Structures are given as C-alpha cells and as structure tokens.
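Next come the chains, spelled out residue by residue.
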Amino acid sequence: MHGNVIMNMNLDKQAREMLQTAKLYRTRNRMNILKVLLKARKPLSQEQIAQHSGKNHFNKVTIYRTLESLLKVGLVHKAFIDKRASHYELAHNCTEHQCHPHFTCTNCGRTHCLKDISLPMTPSPYKGFIINRQQVHFEGLCPECA
Ligand SMILES: [Zn+2]
Ligand SMILES: [Zn+2]
C-alpha cells in the first residue's frame, strides 16, 4: 500500500510538471488523463483510458476533449490505430516525424513500447506521396504467449 501512495504522489508531480512545461492550464481532467497514461506506460484507446480512470470515471466527451488539448501541445500523441480506435500515449522520446515502434501480441492483445528501437525513415514509395510521420507497428507473440 505504501509503495502505491508514493507512486501516486510521483505521478501527480510528473503530471503537474508536464502541464507546466507545456504552459497548459491545470485542470482535474488533464491531470487525471496524464496520470492514467503515465501509469499505463503504453498506448491506450479512449475506452481503455475510461476503464483505467477508476473512480474518476470520465465520460467519452470529456476524454476526447481533454486528449485533444493534450495532443495540441504535444504532450500526447496517437501511437497507432487498432480496431478502428486511436491509441494515445505520452509523447516522450518522440520526434515530430517518428515515434518508437510498438508491438502488439495477437494472442493476449497487450501492446509494448519498443523505446530502444529507432528505425530509419522510409523514403516515399510513390511519386507524389509525402510521408510526414512514420509509425511502425509490429504484430506477433509476446514472450508469455510464444
Ligand atoms: Zn501475449
Ligand atoms: Zn509507445
């Protein structure tokens, strides 16, 4: 129990500092969603954010609007789309053009951030197409399911 209290205090501090750095007004919803994402350490869909928000249970509109404001200042980005749902995560270690690859296990559905991997940007494959952002998403089996 004690460990959890310390962790929550740190999350609070981190979330507060992130908002301060981004010069974004500190609201309860922003704090809560940042803390959910800090705690998760992996991309979450809006539905998963709602599930993880526990007793704060936000509604869909609140989550959407709050995410939009966090996206706008670059604190959060969309990691990938899975089953038609955007998955959001904190935009640490990411450049404007690329974020780390993700690995989703097709058996248990868990996603892992492959933060140590940086892949070269792929040149545009066809004439007239401009690549603004490269998002690599691997699928396969995680060690527990393999
Ligand atoms: Zn798995
Ligand atoms: Zn990630």
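Keep in mind that what you see is a predicted model, and the values were worked out from it rather than measured. (Residues numbered from 1 in each chain as written. Chains lettered and ligands numbered in written order. Predicted model: local features only at pLDDT ≥ 70, side-chain atom pairs only at ≥ 80, totals over all residues. Heavy atoms only, no water.)

(A) Broad picture of the sheet that holds strand S1 (residues 44–45). Read from one edge to the other, the open sheet built from 3 strands follows the order S1-S3-S2, with strand pairing classed as antiparallel. What marks the edges here is a single partner per strand, and that holds for S1 and strand S2 (76–82). Pairing geometry for S1 and strand S3 (residues 85–90), over 2 bridges, is antiparallel. Paired with Ser45 across the strands is His87, a residue of S3. (Pairing = 2+ DSSP bridges. Helix = DSSP H or I, 4+ residues; strand = E, 2+ residues; numbered from the N terminus.)

(B) Main features of helix H2 (residues 28–40). Taking 1.5 Å per residue, 13 residues should reach 18 Å; H2 reaches 18 Å between its end C-alpha atoms and fits that length. Every buried residue belonging to H2 is among Arg30, Met31, Asn32, Ile33, Leu34, Val36, Leu37, Leu38 and Ala40, and all of these are buried. (Expected span 1.5 Å × (residues − 1). Buried < 20%, exposed > 50% of the residue type's maximum accessible area, 1.4 Å probe, protein only.)

(C) Structural view of the coordination of the zinc ion (ligand 1). Bound to the zinc ion (ligand 1) are the protein donor atoms Cys105 (SG), Cys108 (SG), Cys142 (SG) and Cys145 (SG), situated 2.3 to 2.4 Å from the metal. One can describe the donor arrangement at the zinc ion (ligand 1) as tetrahedral, given that its 4 donor atoms subtend angles of 103 to 118° at the metal. We note that the donor set of the zinc ion (ligand 1) lies within a single chain, spaced as C-x2-C-x33-C-x2-C. (Donors = N, O, S within 2.8 Å, 3.2 Å for Na, K, Ca; no water. Tetrahedral: all angles 85-135°; square planar, octahedral: opposite > 155°, others 65-115°.)

(D) Examining the environment of Cys108 more closely. Within the secondary structure, Cys108 sits in the loop between strand S4 (102–105) and strand S5 (111–113). What makes Cys108 partly exposed here is its relative accessible area of 33%. Sequence separation between Cys108 and Glu144 is 36 residues; the distance between their C-alpha atoms is 8.9 Å. Beyond its immediate sequence surroundings of up to four residues, Cys108 is in contact with Cys142 and Cys145. (Contact = heavy atoms within 4.5 Å.)

(E) Here's a closer look at the coordination of the zinc ion (ligand 2). Looking at the metal site, the zinc ion (ligand 2) is ligated by Glu89 (OE), His100 (NE2), His102 (NE2) and Cys113 (SG), spaced 2.0 to 2.3 Å from it. Considering all 4 donor atoms around the zinc ion (ligand 2), the spread of angles at the metal, 102 to 118°, places the coordination shape in the tetrahedral class. Mapping the donors of the zinc ion (ligand 2) onto the primary sequence gives the spacing E-x10-H-x1-H-x10-C. In this pair, His102 sits in strand S4 while Cys113 sits in strand S5, placing the two residues 11 residues apart along the sequence. By relative accessible area, His102 is classed as buried at 0%. Since its relative accessible area comes to 19%, Cys113 is described here as buried.

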